[in-house]
Amino acid sequence: MTEVSNVEIQEEVIPGRLYAVSAGLTSTVAVNVRNSVNLSNVLSAAAEELGQDLSYRVVLGDTTRSESLIIETVVDGVIVPVDFTNGFAQIDGVNPNTTLPTYITFNKEGIYIFTIELIDTNTQNLLAEDIELALATDVL
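As the structure is a computational prediction, the values presented were derived from the model and not from experiment.

Explain the overall build of the protein chain to me, please; I cannot follow it from the model alone.
What the protein chain contains, in helices and strands, is one helix and twelve strands. The 140 residues of the protein chain split such that 39% are buried.

Help me understand the sheet that holds strand E8 (residues 78–81), please; the structure alone is not making it clear to me.
Taking strand neighbours across the sheet as the criterion, the five strands line up as E3-E5-E10-E7-E8 in an open arrangement whose pairing is antiparallel. Taken across any chain shown, the strands that pair with only one partner, and hence form the sheet edges, are strand E3 (19–22) and E8. The average undirected angle you get between the axes of adjacent strands in this sheet is 25°. Across four bridges, E3 lies against strand E5 (residues 34–43) in antiparallel orientation. Along E5, the bridge assignment pairs Val21 with Asn41.

What is the right way to look at the layout of surface pockets in this model?
The probe, sized like a water molecule, is rolled over the atoms to show the empty space still left. By volume, the largest pocket amounts to about 180 Å³. What lines the largest pocket is a set of 13 residues, among which Val74, Gly93, Val94, Asn95 and Leu100 lie closest to the centre. For the lining of the largest pocket, the secondary structure elements donating two or more residues are strand E7 (69–75), strand E9 (88–94) and strand E10 (99–106). Here the residues of the lining of the largest pocket sort into seven nonpolar, five polar and one charged.

Where do I start with empty space enclosed by the protein in this structure?
Applying the stated criterion across every chain, the model contains one cavity of 30 Å³ or more. Every residue along the wall of the largest cavity is listed here: Ala23, Leu25, Val37, Leu39, Val58, Ile71, Ile91, Thr102, Ile104, Phe114, Ile116 and Glu132. Looking at the lining of the largest cavity, the elements that each hand over two or more residues are E5, E10 and strand E11 (110–120). For the lining of the largest cavity, a count of residues per class yields ten nonpolar, one polar and one charged.

Got a minute to help me understand unusual backbone geometry in this structure?
A negative phi angle is the norm for most residues apart from glycine, just as the trans form is the norm for most peptide bonds. Phi at Asn97 takes a positive value of approximately 55°, unusual for a residue other than glycine. Relative to the elements of secondary structure, Asn97 occurs in the loop between E9 and E10. In the Ramachandran plot, Gln124 falls in the positive-phi region, its phi being about 65° despite a non-glycine side chain. Along the chain, Gln124 falls in the loop between E11 and strand E12 (126–137). By relative accessible area, Gln124 is classed as partly exposed at 35%.

What is the right way to read the pattern of salt bridges from this model?
Counted according to the given criterion, the structure contains two salt bridges. Residues Glu72 and Arg34 are paired through a salt bridge, measuring 2.9 Å at the closest nitrogen-oxygen approach. Taken together, the residues Glu72 in strand E7 and Arg34 in strand E5 connect sequence positions 38 residues apart. Owing to a relative accessible area of 44%, Arg34 belongs among the partly exposed residues under this scheme. Put simply, Arg57 and Glu117 hold a salt bridge, and the shortest N to O gap is 2.6 Å. Remark: Glu117 occurs in strand E11 and Arg57 occurs in strand E6 (residues 54–60); sequence separation between them is 60 residues. One exposure class covers both Arg57 and Glu117, and it is buried.

Looking at this structure, how should I read the confidence of the model for the protein chain?
Caution applies to low-pLDDT parts of the model: their predicted coordinates are not meant to be read in detail. Scored by pLDDT, the protein chain comes out at a mean of 84, with 86% of its residues at no less than 70. Every residue in residues 1–15 scores below 50 in pLDDT, and together they form nine contacts with partners more than four places removed in sequence or on other chains.

Criteria and thresholds
- Residues numbered from 1 in each chain as written.
- Predicted model: local features only at pLDDT ≥ 70, side-chain atom pairs only at ≥ 80, totals over all residues.
- Heavy atoms only, no water.
- Helix = DSSP H or I, 4+ residues; strand = E, 2+ residues; numbered from the N terminus.
- Buried < 20%, exposed > 50% of the residue type's maximum accessible area, 1.4 Å probe, protein only.
- Pairing = 2+ DSSP bridges.
- Axes fitted to C-alpha atoms, helices over the stretch in contact; angles between N-to-C directions.
- 1 Å grid on protein atoms, 1.4 Å probe; cavity = no way out; pocket = protein on both sides within 12 Å on 5 of 7 lines; lining within 4 Å.
- Points joined across faces, edges and corners; volume = space filled by probe spheres on them.
- Nonpolar A, V, L, I, M, F, W, Y, C, P; charged D, E, K, R; others polar.
- Salt bridge = Lys/Arg side-chain N within 4 Å of Asp/Glu carboxyl O.
- pLDDT = per-residue confidence, 0-100.
- Contact = heavy atoms within 4.5 Å.

Set out below in structure tokens:
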């Protein structure tokens, strides 16, 4: 307890952050060029002990933009496309505390807003999110 001007304030212990996710997308990108990003997650020791099945979910702010881009990732050393329809894509089987090489090709100029989510695959509960913005342009 902390006493301030004769008023007692109950101190609350706020637990540390358990999860974090990031894509590291560059804010300005070239059109029709495969851009390399890394979907990364960090779990605290307490979160890692839960043994959750993890997935990345990529949600576009403007779902009509999904037809204007290609997302690919690496599976067993091979670059494979990620199904990205109706503004939504999900990559399952994510290992904790890792980085997944991912590629995005923007086929049209414009502004793209992404929400990158780390979710519990089984419950679909959101564990962490990161909002990324990219301006795709012919001129860099």
